[in-house]
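Residues per chain, in single letters:
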Amino acid sequence: MPEESTTPDLVELTLRQFEAADHGDFDAIMSCWASDAVWDMSPMGLGLYEGAAIRRFFEDWRGSYEDYETEAEEVLELGDGVTFAVVIQNGRPVGSDGNVRIRYASVLAWVGGLIVRFTTYGDIDEARAAAERLAESRG
């Protein structure tokens, strides 16, 4: 009988992050983050968050939408604990008839099945290059 891998499937864990956000399941989201994780949204002009501030940002962001969904257009494991995702977020802000659509990319650094750094970029090519450099530097 073949042994099952104890290495987490980082693509699956990445997809679960976006699914949990769709459902507003903040406990599920945070269960994959290290306690000292950093969420760097500065490439999109939205700041840097650490520890408990990450959950507060998620709650505030998700809470500002009545309808909200994400679609993972592309998710890749680049090796050495790095995933890259291109995501489309669609939502209807609270009290609005309009829809907001954002296409962005995320670079996730994982250690032991937990996110230690999550960087979000508005420029997909910049994110892809950053993800490739990060994977190479961790190798």
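Presented here is a report on the structure given in the accompanying data block. Being a predicted model, the structure only gives us computed values, none of them experimental.

Section: the sheet that holds strand 6 (residues 114–121)
Sheets are built from strands paired through backbone hydrogen bonds, the pairs being either parallel or antiparallel. Taken together, 6 strands build an open sheet; the order of strands is 2-1-6-5-4-3 and the sheet is mixed. Where the open sheet ends on each side, the last strands, each with one partner, are strand 2 (48–50) and strand 3 (65–79). Averaged over all pairs of adjacent strands, the angle between their axes in this sheet comes to 20°, without regard to strand direction. For strand 4 (residues 82–93) and strand 5 (residues 100–111), the ladder comprises 10 bridges, and the chain directions are antiparallel. The residue bridging Ile 88 from the neighbouring strand is Arg 103, located in strand 5. In the packing of helix 4 (residues 124–138) onto the sheet, contacts are made with strand 3, strand 4, strand 5 and strand 6, and the angle to strand 5 comes to roughly 5°.

Some points on unusual backbone geometry
Even without a glycine there, the phi angle at Asp 80 is positive, about 55°. One can find Asp 80 in the loop between strand 3 and strand 4.

Considerations on the pattern of salt bridges
Applying the stated criterion across every chain, the model contains 8 salt bridges. Its salt-bridge partner being Glu 12, residue Arg 16 comes within 3.4 Å of it at the nearest N-O pair. Within this pair, Arg 16 and its partner Glu 12 are both found in helix 1 (residues 10–23), separated by 4 residues, close to a single helical turn. Between Asp 27 and Arg 55 there is a salt bridge; the shortest N-O distance is 2.8 Å. Residue Asp 27 is located in helix 2 (residues 26–30), and its partner Arg 55 is located in helix 3 (residues 52–63); the two are separated by 28 residues in the primary sequence. Through salt bridges with shared partners, a single network forms among Asp 27, Arg 55 and Glu 59.

Conventions adopted
Residues numbered from 1 in each chain as written. Predicted model: local features only at pLDDT ≥ 70, side-chain atom pairs only at ≥ 80, totals over all residues. Heavy atoms only, no water. Pairing = 2+ DSSP bridges. Helix = DSSP H or I, 4+ residues; strand = E, 2+ residues; numbered from the N terminus. Axes fitted to C-alpha atoms, helices over the stretch in contact; angles between N-to-C directions. Contact = heavy atoms within 4.5 Å. Salt bridge = Lys/Arg side-chain N within 4 Å of Asp/Glu carboxyl O.

Purely spatial values, then, with no claim about function.
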